[in-house]
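# A structural walkthrough
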Amino acid sequence: MAVRWGAGLSHLAVDVTLILTHGNVPDDPVCETRKLSTTASGFLPRIAALRNELNQHHYDAIVSLMPYCNLLALLANTWRRNSRTLTIISEHTIHAELNRTDRLAQKIQWSMARLFYRFADACVAVSHPAAADITASCGMSSARIWVVPNPAAEGVSRPLTHTDTERYRDSIAVVVASRLVRQKRLNLAIEAAHRVQEETGKRVRVEFFGTGPEEEALREMAEGYGIEAVFHGWVNRWHDHIPEDGIVLSTSRTEGFGNVLVEAAARSVPAVVSSKALGVADACIPNVTAKLVMGNSSDDYAKGLVAASRMIIPDVTTWLDRFTDEHASSLLMHVIEESSIRRPHHCMKDLNWLPSSDVLSVHVTSDRKE
């Protein structure tokens, strides 16, 4: 997401520098990119290194992504003497729910975030529920929180709208685009597929787009239920490979947004997701592009899949235009300009970005918790 934002602002004639806290500089960066220079690894040396970077280059704004880099930016810049650099943090997750299952290090990180986020000049949230989470958890005024949705529809080929539901007459392909990890509760996809097959008599299969440690367990489970399971591995443009009889299913307990829901809508493919996932309603139009089921059990998802097989996705081009690089960049630019107005004697010249190298891949951004 950092690269997408950086490229978008560069197109608006903004001078952008991408600073990496981990990993190496990519071979074909979209803007000036360099590694944060530190003599030792760890959080404290990175704070000192970033503070030195800010002192040397006098950036007008620093925009960070996710808790680790948000804290790094805040601690490096907030109490810097005579600093005129704006600190704009961003959140892509709903932590109030995830904090119950997070590892100890992540809980400590979020506890620090709750103390320090209020010192940011602005916070960019990926969805309205994510924004509400920041307001409630961190005591940050809503006046400094802005919603900028992910440009999930950018680059997705948009087919002609389907005019009937004949494609689901004999079979249904349950499409899951996700990391194959336990917290995604992908066993529910197989259980729901089995229930739909038993109740409708249709041939139901599950097609996974993604990799992870749970693949073998999912294979065994599907075999036990008598459900055909196809594992495509990691596919960069997975939405181009959705079968004709596909319905996208998300079984995540919590989502800050839900890129796959927008991508499915752009392909005129219905989706099923639980309203308990909280942030997903920003990424779909209920009963138009997706079925929002009330619960999050396999029975709930099975009912949603049957209902979705009767859906015809209308032309939602105007809505999809909200999820483009151009729109996201313009919204982010608005946030920076408004924050600059609030800060006295501030003049915009350059922008500085602080992502970790792991955020450079869009497909993991919505799933990452640090």
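This section reports on the structure supplied with the text. All of these numbers come straight from a predicted model, not from anything done at the bench.

### Comments concerning the overall build of the protein chain
When helices and strands are tallied, the protein chain shows 13 helices and 13 strands. In the protein chain, buried positions account for 54% of the 370 residues. Here the contacts in the protein chain between residues at least 6 apart in sequence split such that 70% fall between residues at least 24 apart.

### A closer look at the nonpolar core
Note on soluble globular proteins: their nonpolar side chains tend to be buried together. Tyr117, Ile134, Trp238, Val248, Leu261, Val262 and Leu320 are the most contacted members of the largest nonpolar core, which totals 45 residues. Listed by contribution, the elements that provide at least two residues to this core are helix 3 (66–77), helix 5 (104–116), strand 5 (122–125), helix 6 (128–138), helix 9 (259–266), strand 11 (271–274) and helix 11 (317–320). If you tally residues by element for this core, the top one is helix 9, at 6 residues. With sequence-adjacent residues up to four places away left out, Leu320 is seen in contact with Ala153, Arg158, Val262, Ala265 and Ala266.

### Thoughts on the packing of aromatic side chains
Any pair of aromatic rings gets described here by the distance separating the centres and the angle formed by the planes. The final tally for this structure, using the stated rule, is 7 aromatic pairs. Among the aromatic residues, ring-to-ring pairing joins Phe257, Trp319 and Phe323 into one connected group.

### Structural notes on the pairing of strand 9 (residues 228–231)
Sheet topology note: the strand 8 (residues 203–209)/strand 9 ladder contains 4 bridges and is parallel. Residue pairing in the sheet places Phe208 in a bridge with Phe231 of strand 9. Read from strand 8 through helix 8 (residues 215–225) to strand 9, the crossover connection turns out right-handed.

### Observations concerning the environment of Asp282
As for its position among the elements, Asp282 is in the loop between strand 11 and strand 12 (290–293). Those residues in contact with Asp282, other than ones at most four positions away along the chain, are Ser127, His128, Pro129, Val147, Phe257, Trp319 and Phe323. Reaching out from Asp282, the side chain makes a polar contact with the side chain of His128 at a distance of 2.8 Å.

### Description of the pattern of salt bridges
Enumeration according to the criterion identifies 14 salt bridges in this entry. As a salt-bridge pair, Glu53 and Arg34 come within 2.5 Å of each other at their nearest N and O atoms. In this pair, Glu53 sits in helix 2 (residues 43–57) while Arg34 sits in strand 2 (residues 32–35), placing the two residues 19 residues apart along the sequence. Accessibility classification places Glu53 together with Arg34 in one group, the buried group. One salt bridge in this structure joins Glu166 and Arg169, with 3.2 Å as the shortest N-O distance.

What counts and what doesn't
- Residues numbered from 1 in each chain as written.
- Predicted model: local features only at pLDDT ≥ 70, side-chain atom pairs only at ≥ 80, totals over all residues.
- Heavy atoms only, no water.
- Helix = DSSP H or I, 4+ residues; strand = E, 2+ residues; numbered from the N terminus.
- Buried < 20%, exposed > 50% of the residue type's maximum accessible area, 1.4 Å probe, protein only.
- Contact = heavy atoms within 4.5 Å.
- Core = buried A, V, L, I, M, F, W, Y, C linked by side-chain atoms within 4.5 Å.
- Phe/Tyr/Trp six-rings, centres within 6.5 Å; stacked < 30°, edge-to-face > 60°.
- Pairing = 2+ DSSP bridges.
- Right-handed = clockwise from strand over helix to strand, strands pointing away.
- Polar contact = N/O pair within 3.5 Å; in protein donor to acceptor, adjacent residues only side chain to side chain.
- Salt bridge = Lys/Arg side-chain N within 4 Å of Asp/Glu carboxyl O.

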